[in-house]
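Topology and contacts: notes
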Amino acid sequence: MKITKIMKFGGTSVGSPERIKSLVPLITGSESKIVVLSAMSGTTNSLIEITKLLYGGDKKTASDRIEALRAVYHKVVDELYETDEYKKTGREMIDSHFNSMINIASRPFARLQERAIVGEGELISTALLHKLLLEKGFRAKLIPAMNFMRIDKDGEPDYYYIEENLRRELRKHDSKSVLITQGFICRNVKGEIDNLKRGGSDFTASLIGSVLKVEEIQIWTDINGFHNNDPRYVENTEVIRELSFDEAAELAYFGAKILHPSSITPARDNNIPVRLKNTLHPEDEGTLITSSSELIDYKAVAAKDGISVIRIRSYRMLMAYGFLRKVFEIFVAYKTPIDMITTSEVSISITIDNPQYLREIATDLSELGKVETEEDQTIICIVGDFRMKKTGSAPEIFEALNTIPLKMISYGGSDISLSLLTDTSHKKEALRLLSKHLFPH
Ligand code: ADP
Ligand code: ASP
Ligand code: MG
């Protein structure tokens, strides 16, 4: 069966019975498609809270929270379905998921159980939509993501497995059905339940779209596409109508929450357009991400929090050959990716976004030089085509930020981006100043 389109709906797009009902006209057109759903907004956060309580041994509060969430879903079912028959089967479906969570909560708790609980939100939202389509008389089928979505031993998607198994699932169904699957959840190399990290439903959509070579991957959310700055911190941000894969990947990696950081890679590798659309305004064209895009000097800004910086001052000359290799090998040993690097004659500064082994890395590095670490840092990434500037640089950025203490500057690594490091306490002001100077109205 040839699938032409992937339509992924995020948490707010399935966040209430009303919102779920509003998806029906969008997904029941004649085009063959796979619909990918996130959990209803807030659910994954609640489930993570529950797993934290269970890790802390507080079974009573965890069970109370599970019951509170069950009550929320009973209400959703009552409002979502019209007929008594569907209200009843909907309730039974909800109860079977929540009974299994109560059961997990009553037993010894570990990572495997944690991931099973965290993935329940997507199983429930897809079951809710599936039943709604059936109640309304549409042909609809659920394809369990656990039957085809898989990551390898490094946590990377196992493309071969995904394609083989997804195609096998598709052979079971006819092209007239609306096919629905869960975002976010997957199996790991041991076959256990796992997930693609927070916001991972975008990644699911892009992986499915890429292995099936669809015509378009659509990410439906609560805003009219990619904005030129983070609307959570800055007023009067504007939608960008065209972005290149490289620009979108850079912005997503450096914190633009609208897209999961890895979600552009599979689409770019297979040259499949990605369109960001708003479920609240389906008539809006949204943002189209393709291999080419309009050349604009300053296009967008994003910020990524939770960054740690490590500075190493070498006891000898830094550039003595072999020194950097020794530094990088320590990061490899702890499987910790590096985001930004700047160097001088005797020192090097490196940022990481995963502080899990920060202390161990610092200890090992101290054999090579004097080490300092700092947490609570933010990377600000500015994307544009700086080659368009007559000066060949980006002077407006530094003029805009002349009141913000900058700790690192990375420029020249790519033609389309410039990254800066500052304390997280300066983030909001830095984003605001960049909008004011780079995107004046
Ligand atoms: P979903 O639940 O649909 O996956 P997300 O909350 O993950 O939605 O992503 C959409 C949100 O991303 C928007 O509501 C907005 O607050 C935030 N956001 C951050 N940066 C941007 C940006 N540059 N453009 C658009 N939205 C952004
Ligand atoms: N429900 C998951 C999360 O909240 C996945 C997603 O929304 O994409 O992270
Ligand atoms: Mg998201």
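Please read these numbers as outputs of a predicted model, since none were measured by experiment.

When helices and strands are tallied, the protein shows 14 helices and 16 strands. Taking 2.2 N^0.38 as the reference for a compact globule, 441 residues should give roughly 22 Å; the C-alpha atoms of the protein span a radius of gyration of 24 Å, in line with that estimate. A buried classification covers 52% of the 441 residues belonging to the protein. Considering only contacts within the protein whose residues lie at least 6 apart along the sequence, 75% involve residues at least 24 apart. For the protein, the exposed area adds up to about 20300 Å²; of that, 50% sits on carbon and sulfur atoms. Side chains of the protein give 58 positive and 62 negative charges; the mean places of these two sets differ by 3 Å.

What follows deals with the packing of aromatic side chains. On inspection of all chains with the given rule, the structure shows six aromatic pairs. Geometrically, the ring pair formed by Tyr253 and Phe254 is edge-to-face, given 5.1 Å between the ring centres and 85 degrees between the ring planes. Residue classification places Tyr253 among the partly exposed positions, given a relative accessible area of 31%. A centroid spacing of 5.5 Å and a plane angle of 35 degrees characterise the contact between Tyr334 and Tyr357, whose relative ring orientation is tilted. Of this pair, Tyr334 sits in the loop between α11 (323-333) and β12 (341-343) while Tyr357 sits in the loop between β13 (347-352) and α12 (358-365), and the two are 23 residues apart along the sequence. Above the face of the Tyr161 ring, Arg150 is positioned so that its terminal group lies 4.3 Å from the ring centre.

Lining the immediate surroundings of ligand 1 are 16 residues, of which Gly11, Thr221, Asp222, His227 and Lys257 lie closest. Within the side chain of Asp222, an N or O atom sits 2.8 Å from an oxygen atom of ligand 1. A distance of 2.6 Å separates an oxygen atom of ligand 1 from a polar side-chain atom of Lys257. Contact with the protein chains removes 87% of the 570 Å² of surface that ligand 1 exposes when unbound. Grouping the amino acids of the shell around ligand 1 by side-chain chemistry returns four nonpolar, seven polar and five charged.

Burial analysis of strand β16 (residues 417-423) places six of its seven residues in the buried class, which makes it a mostly covered element. Relative to β16, strand β14 (residues 369-383) runs antiparallel, the two being bridged by seven bridges. Paired with Cys381 across the strands is Ser419, a residue of β16. Counting the residues in the hairpin turn of strand β15 (residues 408-411) and β16 gives five residues, including Gly412, whose phi is positive at 105 degrees.

About the criteria used
- Residues numbered from 1 in each chain as written.
- Chains lettered and ligands numbered in written order.
- Predicted model: local features only at pLDDT ≥ 70, side-chain atom pairs only at ≥ 80, totals over all residues.
- Heavy atoms only, no water.
- Helix = DSSP H or I, 4+ residues; strand = E, 2+ residues; numbered from the N terminus.
- Rg over C-alpha atoms; globule rule 2.2 N^0.38 Å.
- Buried < 20%, exposed > 50% of the residue type's maximum accessible area, 1.4 Å probe, protein only.
- Contact = heavy atoms within 4.5 Å.
- Areas by Shrake-Rupley, 256 points an atom, 1.4 Å probe, with all protein chains shown as cover.
- Lys, Arg positive; Asp, Glu negative; His and termini not counted.
- Charge placed at Lys NZ, Arg CZ, Asp CG, Glu CD.
- Phe/Tyr/Trp six-rings, centres within 6.5 Å; stacked < 30°, edge-to-face > 60°.
- Lys NZ or Arg CZ within 6 Å of the ring centre and 35° of its normal.
- Near = heavy atom within 4 Å.
- Polar contact = N/O pair within 3.5 Å; in protein donor to acceptor, adjacent residues only side chain to side chain.
- Nonpolar A, V, L, I, M, F, W, Y, C, P; charged D, E, K, R; others polar.
- Pairing = 2+ DSSP bridges.

Nothing here speaks to function; it is geometry throughout.
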